[in-house]
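# Descriptive structure summary
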Amino acid sequence: MALIVHKYGGTSMGTTERIRNVAKRVAKWVRAGHQLVVVPSAMSGETNRLLGLAKELSPEVVTPPIQRELDAIAATGEQVSVGLLSIALQAEGLEAVSYSGWQVPIRTDSSYTKARIQSIDDARVRADLAAGRVVVITGFQGVDEEDNITTLGRGGSDTSAVAVAAAMKADECLIYTDVDGVYTTDPRIVPEARRMSTISFEEMLEMASLGSKVLQIRSVEFAGKYRVPLRVLSSFTPWDIDINEEAKSGTLITFEEDENMEQAVVSGIAFNRDEAKVTLLGVPDKPGVAFQILGPVADANIDIDVIIQNVSHDGRTDFSFTVHRNDYARTMDLLKNKVAPATGAAQVLGDPKICKVSIVGIGMRSHVGVASKMFQCLSEEGINIQMISTSEIKTSVVIDEKYMELAVRALHKAFDLDQPVQN
Ligand code: ADP
Ligand code: ASP
Ligand code: MG
């Protein structure tokens, strides 16, 4: 008997018929002798719908009092899902009980709309499992020290599931979704993308942080920190497929590096259209200027991603960085009204229509020329690179948003990612 956490995403929970299917699949696992904790997301489109209602009443959503209410609203999507799934499980003849984040409780900090899980009390869940029940826990939501409802950021149900699996020392966490695993890039953009049967934790972490929304980045961080065995697989296979076959399907996130395996130089391509670029022209180039620019941005709780500072001419330089598109207006405001006057910058420019495309691969550590091959490929497509950022196992470029799909497809081909892996 194993303790298994299943997570079902929005599409997998999208209709009552699909919820019934989820219940049948869970019942199959229970009848095979396992203890099951199930973490569903809201039905697909529901979180957007709920947040859309709030936006109709207040388009300005960055103040903490409004964000508190946004979380209270958004959390209801998952509240409905757990109730429906519990009923469906009971209809399958199982004993099942649903819990919201506060009932477990899943404690988080108070950063509304992007709260971090701090602790999970598993006593109640364990008691239910011991009594033979399936426990269904809301994804995405938690509760802070003052009993305010919080949410974990978009896509946060992945993190709820992995955190529950970590807290309960589950034998495995299975993330059921609308694709049958992690692909070399988003198969919606590149139909030739290939499913990987395994991906290293480090690569998965980079892919998620660079925009591959198949797993929320924090879920991967949790899996790494607590060594949670984690697998991404399809919820759209027939529910009654052989359980052993199902247990080996999809993509396993691996923690041990297989020394014997030839590492692909580039394993995957990620992209992100959620960023915007801002530039200060003609900033006096003197010690402390980067701090003078970025300090106020950090104080406003705005995350900065790629940064470049140009070579200076006549004691002045240009300084660009990217922020989340949701923070674009605020950043521009801050730069125009506070930072430019304080630093003596000549002009502030902004471009919200950019995207970031990244190549990721552990093999980049030991191979030279990977970045230059990327730049060559983009130049052959006539795509101008605006910014570059690299780390040990990734190279990212910022380009015009309108070239995103072209860039991803061209790079996917240039690095032979559509070819079967040679072992
Ligand atoms: P869920 O609702 O189950 O959480 P998501 O929409 O959050 O599902 O994540 C699954 C989606 O992630 C897929 O439909 C796919 O379009 C997208 N995706 C992006 N990058 C990848 C990738 N590298 N491999 C697989 N899917 C990816
Ligand atoms: N329902 C939430 C969202 O749409 C959480 C999730 O699906 O993981 O972002
Ligand atoms: Mg998701």
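See the structure printed just above.
Predicted model only: the values in this text are computed from it and were never measured.

### Some points on the site of ligand 2
The full set of residues close to ligand 2 is Ser41, Ala42, Thr47, Glu78, Phe140, Arg154, Gly155, Gly156 and Ser157. Within the contact set of ligand 2, an oxygen atom lies 3.3 Å away from a side-chain nitrogen or oxygen of Ser41. A distance of 2.7 Å is found between an oxygen atom of ligand 2 and a side-chain nitrogen or oxygen belonging to Arg154. Coverage of ligand 2 by the protein amounts to 86% of the 260 Å² it exposes when considered alone. Taken together, the residues of the shell around ligand 2 sort by class into 2 nonpolar, 5 polar and 2 charged.

### Points about the side chain of Thr184
If you trace the backbone, Thr184 turns up in the loop between strand S9 (172–177) and strand S10 (198–200). Those residues in contact with Thr184 that sit more than four places away from it in its chain are Ala193, Arg194, Met196, Met207, Ser267, Gly268, Ile269, His412 and Leu417.

### Considering the packing of helix H1 (residues 16–31) against helix H3 (residues 64–91)
Remark: H1 packs on H3, axes separated minimally by 9 Å, with the N-to-C direction vectors making an angle of 55°. By the criterion of interaxial angle, the relationship of H1 to H3 is oblique. Regarding H1 and H3, the two cross each other, and that crossing is right-handed. Contacts between H1 and H3 involve Ile19, Val22, Ala23 and Val26 on the former and, on the latter, Leu84, Leu85, Ala88 and Leu89. Tallied by class, residues from the contact of H1 with H3 come to 8 nonpolar, no polar and no charged.

### Describing the packing of aromatic side chains
A complete count under the given rule lists 4 aromatic pairs for this structure. Pairing Tyr8 with Tyr176 gives two aromatic rings, centres 4.7 Å apart and planes at 10°, and the pair type is stacked. Within this pair, whereas Tyr8 is found in strand S1 (residues 3–8), its partner Tyr176 is found in strand S9, the two being separated by 168 residues in sequence. Across this residue pair, the class does not change: Tyr8 and Tyr176 are buried. Between the aromatic rings of Phe319 and Phe321, the centroid separation amounts to 6.3 Å while the plane-to-plane angle is 70°, which identifies the pairing as edge-to-face. The buried category is assigned to Phe321, whose relative accessible area is 0%.

### Some details on the pairing of S1
In the case of a regular strand, side chains alternate between the two sheet surfaces. In terms of burial, S1 is a largely internal element, 6 of the 6 residues being buried. Side chains Leu3, Val5 and Lys7 of S1 all project onto a buried face; the interleaved residues Ile4, His6 and Tyr8 project onto the opposite face, where all are buried too. Looking at chain direction, S1 and strand S2 (residues 35–40) are connected through 6 bridges and run parallel. Counted as the bridge partner of Tyr8 is Pro40 from S2. In this fold, S1 hands off to H1, which returns the chain to S2; that crossover is right-handed. Bridge analysis of S1 against S9 gives 5 bridges, and the strand direction is parallel.

### What about the side chain of Thr343?
Along the chain, the position of Thr343 falls in helix H10 (residues 328–343). Look past the residues within four positions of Thr343 in its chain and what remains in contact with it is Val283, Pro284, Val289, Gln292 and Ile293.

### Notes on the sheet that holds S1
A sheet is described by the order of its strands in space; here 8 strands give the open sequence S3-S6-S2-S1-S9-S11-S12-S10, paired in mixed fashion. Looking at strand neighbours, the two that pair on one side only are strand S3 (96–99) and S10, the edges of this open sheet. Averaged over neighbouring strand pairs, the angle between their axes works out to 20° when direction is ignored. Pairing of S10 with strand S12 (residues 251–254) involves 3 bridges; the strand directions are parallel. Residue pairing for S12: Ile199 is matched across the bridge by Ile253.

### Concerning the site of ligand 1
The environment of ligand 1 is formed by 17 residues, the closest being Thr177, Asp178, Tyr183, Asp186 and Arg188. At 2.6 Å from an oxygen atom of ligand 1 is found a side-chain nitrogen or oxygen belonging to Arg188. The protein chains hide 86% of the 580 Å² of surface that ligand 1 would expose on its own. Grouping the constituent residues of the shell around ligand 1 by class yields 6 nonpolar, 6 polar and 5 charged.

### A closer look at unusual backbone geometry
Here the amide bond leading from Val104 into Pro105 is cis, since omega sits at -10°, within 30 degrees of zero. Following the sequence through the fold, Pro105 ends up in the loop between S3 and strand S4 (106–108). Even without being glycine, Phe140 reaches a positive phi, approximately 80°.

Rules of the game
- Residues numbered from 1 in each chain as written.
- Chains lettered and ligands numbered in written order.
- Predicted model: local features only at pLDDT ≥ 70, side-chain atom pairs only at ≥ 80, totals over all residues.
- Heavy atoms only, no water.
- Near = heavy atom within 4 Å.
- Polar contact = N/O pair within 3.5 Å; in protein donor to acceptor, adjacent residues only side chain to side chain.
- Areas by Shrake-Rupley, 256 points an atom, 1.4 Å probe, with all protein chains shown as cover.
- Nonpolar A, V, L, I, M, F, W, Y, C, P; charged D, E, K, R; others polar.
- Helix = DSSP H or I, 4+ residues; strand = E, 2+ residues; numbered from the N terminus.
- Contact = heavy atoms within 4.5 Å.
- Axes fitted to C-alpha atoms, helices over the stretch in contact; angles between N-to-C directions.
- Parallel < 35°, antiparallel > 145°, perpendicular 65-115°, else oblique.
- Left-handed = near helix turned anticlockwise from the far one by under 90°.
- Phe/Tyr/Trp six-rings, centres within 6.5 Å; stacked < 30°, edge-to-face > 60°.
- Buried < 20%, exposed > 50% of the residue type's maximum accessible area, 1.4 Å probe, protein only.
- Pairing = 2+ DSSP bridges.
- Right-handed = clockwise from strand over helix to strand, strands pointing away.

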